[in-house]
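Residues per chain, in single letters:
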Amino acid sequence: KQWYQRRVRAPFEEAITVSGVSRSEIDQVVLFGGGTRVPRVQEEIKKATGASVLHKYINTDEAAAMGSAFMAATASSVFRTKEIKLKDANQFPFFVAFHKLVLNDEGDITEEKLVNKELYYRNNAYPQKKAMTFTKFTDDFHFNVSYGNLAFLSEGQSKEFGVEELMRVNIKGVRDVYNQHHDKTAKGIKAHLLVSESGMINIDSVEAIFETIPANKTESGWLDSVSNFFGGNEEGEQKEGEKKDGETKEGEAKVGANRTSRVHLSPC
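First, a word on what this report is: a plain description of the structure on this page. (Residues numbered from 1 in each chain as written. Predicted model: local features only at pLDDT ≥ 70, side-chain atom pairs only at ≥ 80, totals over all residues. Heavy atoms only, no water.)

What to know about the overall build of the protein chain
Within the protein chain, the regular secondary structure consists of five helices and twelve strands. Relative to its full complement of 268 residues, the protein chain shows a buried share of 26%. Contacts spanning at least 24 positions in sequence make up 69% of the contacts within the protein chain whose residues lie at least 6 apart. (Helix = DSSP H or I, 4+ residues; strand = E, 2+ residues; numbered from the N terminus. Buried < 20%, exposed > 50% of the residue type's maximum accessible area, 1.4 Å probe, protein only. Contact = heavy atoms within 4.5 Å.)

Structure follows, in structure tokens:
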């Protein structure tokens with residue numbers, strides 16, 4: 001009895017709770033697959049969902065084949081079908097931890113505080129990219145990426161989960177870049193983190209942001225991406241004479257525009 005409750009009913013109850021849908025809003029419960037033919041499994045599903053009738057009209061092989069065909073047709077530009085929307089969501093939250101530097105008026109470090117920030121919450125849609133900006137670091141530093149609050153897991157699941165820390169990211173070259181751009185105002189180090197289509201979190205890119213306020217307020221504003229700190233050129237580099245969206249041509253005035261430059265750093 002406990003095995004069926006833990007392995008069958010509990011996952012249903014958790015799915016209903018996480019979805020935010022009440023049992024009264026469930027119109028039908030449709031079963032497919034060999035395991036659902038077991039009478040005791042059907043009994044537990046009825047208890048978990050509150051359904052009086054379980055529908056069994058779905059052919060598993062046909063459902064998989066038809067679903068794949070319709071998804072492929074929806075993704076294609078050739079076929080016209082009713083749009084099928086599917087939302088992927090990560091099952092575990094991702095946290096970023098780092099030591100925040102507390103500076104005095106002279107710019108000296110007086111204290112380090114551990115900051116643990118939830119960047120991707122549970123059931124966050126993916127693929128999705130997010131960014132964190134570190135404003136206090138002027139030298140090489142690191143931050144850790146790990147799973148977040150896992151209190152929703154049972155004791156048995158927690159034991160099976162394993163190590164919660166996923167990776168340590170070392171940001172190098174910060175001091176050199178700051179020295180090269182000492183005549184500009186540093187706006188911080190921005191790290192872009194991406195949860196891919198596979199639900200895996202990775203570091204997409206890291207860049208140092210600098211800003212220069214033009215002495216002449218009628219000077220043309222610009223936004224440029226400095227080539228890779230280690231000498232590589234970025235994809236999509238603008239050709240000479242081409243105009244980007246929102247960019248002014250030479251001689252056009254963009255009043256009060258600040259100049260922003262981005263220098264890519266090397267995460268490892």
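The structure having been displayed, the exposition proceeds.
A few points about the pattern of salt bridges
Within this structure, the stated rule accounts for six salt bridges. Residues R9 and E44 are paired through a salt bridge, measuring 2.9 Å at the closest nitrogen-oxygen approach. Within this pair, whereas R9 is found in helix α1 (residues 2-19), its partner E44 is found in helix α2 (residues 39-49), the two being separated by 35 residues in sequence. With respect to burial, R9 and E44 carry one shared label: buried. The class for E44 is buried, based on a relative accessible area of 1%. Residues joined by salt bridges that share partners form a network here, namely R9, R40 and E44. (Salt bridge = Lys/Arg side-chain N within 4 Å of Asp/Glu carboxyl O.)

Some points on the pairing of strand β6 (residues 141-147)
By the bridge criterion, four bridges tie strand β2 (residues 94-103) to β6 in an arrangement that is antiparallel. If you follow F95 over to β6, its bridge partner there is S146. Pairing geometry for β6 and strand β7 (residues 165-172), over six bridges, is antiparallel. Residue pairing for β7: F143 is matched across the bridge by V169. (Pairing = 2+ DSSP bridges.)

Comments concerning the pairing of strand β9 (residues 201-212)
One ladder, built from ten bridges, connects strand β8 (residues 185-195) with β9; its direction is antiparallel. Considered in β9, the bridge of V195 is made with I201. In this antiparallel pair of consecutive strands, β8 and β9, the connection spans five residues, and G199 shows a positive phi of 80 degrees.

A short note on the packing of aromatic side chains
All told, the structure shown has ten aromatic pairs when counted by the stated rule. Ring centres of F92 and F152 lie 6.3 Å apart, and the angle between their planes is 20 degrees; this geometry places the pair in the stacked category. Highlighted residues: F92 in the loop between β1 (88-89) and β2 and F152 in the loop between β6 and α4 (155-161), separated in sequence by 60 residues. Residue classification places F92 among the partly exposed residues on the basis of a relative accessible area of 26%. Classification of F152 as partly exposed rests on a relative accessible area of 29%. Between F98 and F134, the ring centres sit 4.9 Å apart and the planes meet at 85 degrees, which makes this aromatic pair edge-to-face. With a gap of 36 residues between them, F98 in strand β2 and F134 in strand β5 (residues 128-134) connect regions that are remote in the sequence. For the pair F98 and F134, a shared accessibility class is recorded, and that class is buried. Feature note: the residues F92, F94, Y120, Y147 and F152 constitute an aromatic cluster, connected by ring pairs. (Phe/Tyr/Trp six-rings, centres within 6.5 Å; stacked < 30°, edge-to-face > 60°.)

Considerations on the packing of α1 against α2
Packing of α1 against α2 leaves a shortest axis separation of 9 Å and a crossing angle of 30 degrees. Pair α1 / α2 crosses with right-handed handedness. Note on element contacts: α2 touches α1 through R40, V41, E44, I45, K47, A48 and T49, opposite Y4, Q5, V8, R9, F12, E13 and I16. Its residues placed into classes, the contact of α1 with α2 shows seven nonpolar, two polar and five charged. (Axes fitted to C-alpha atoms, helices over the stretch in contact; angles between N-to-C directions. Left-handed = near helix turned anticlockwise from the far one by under 90°. Nonpolar A, V, L, I, M, F, W, Y, C, P; charged D, E, K, R; others polar.)

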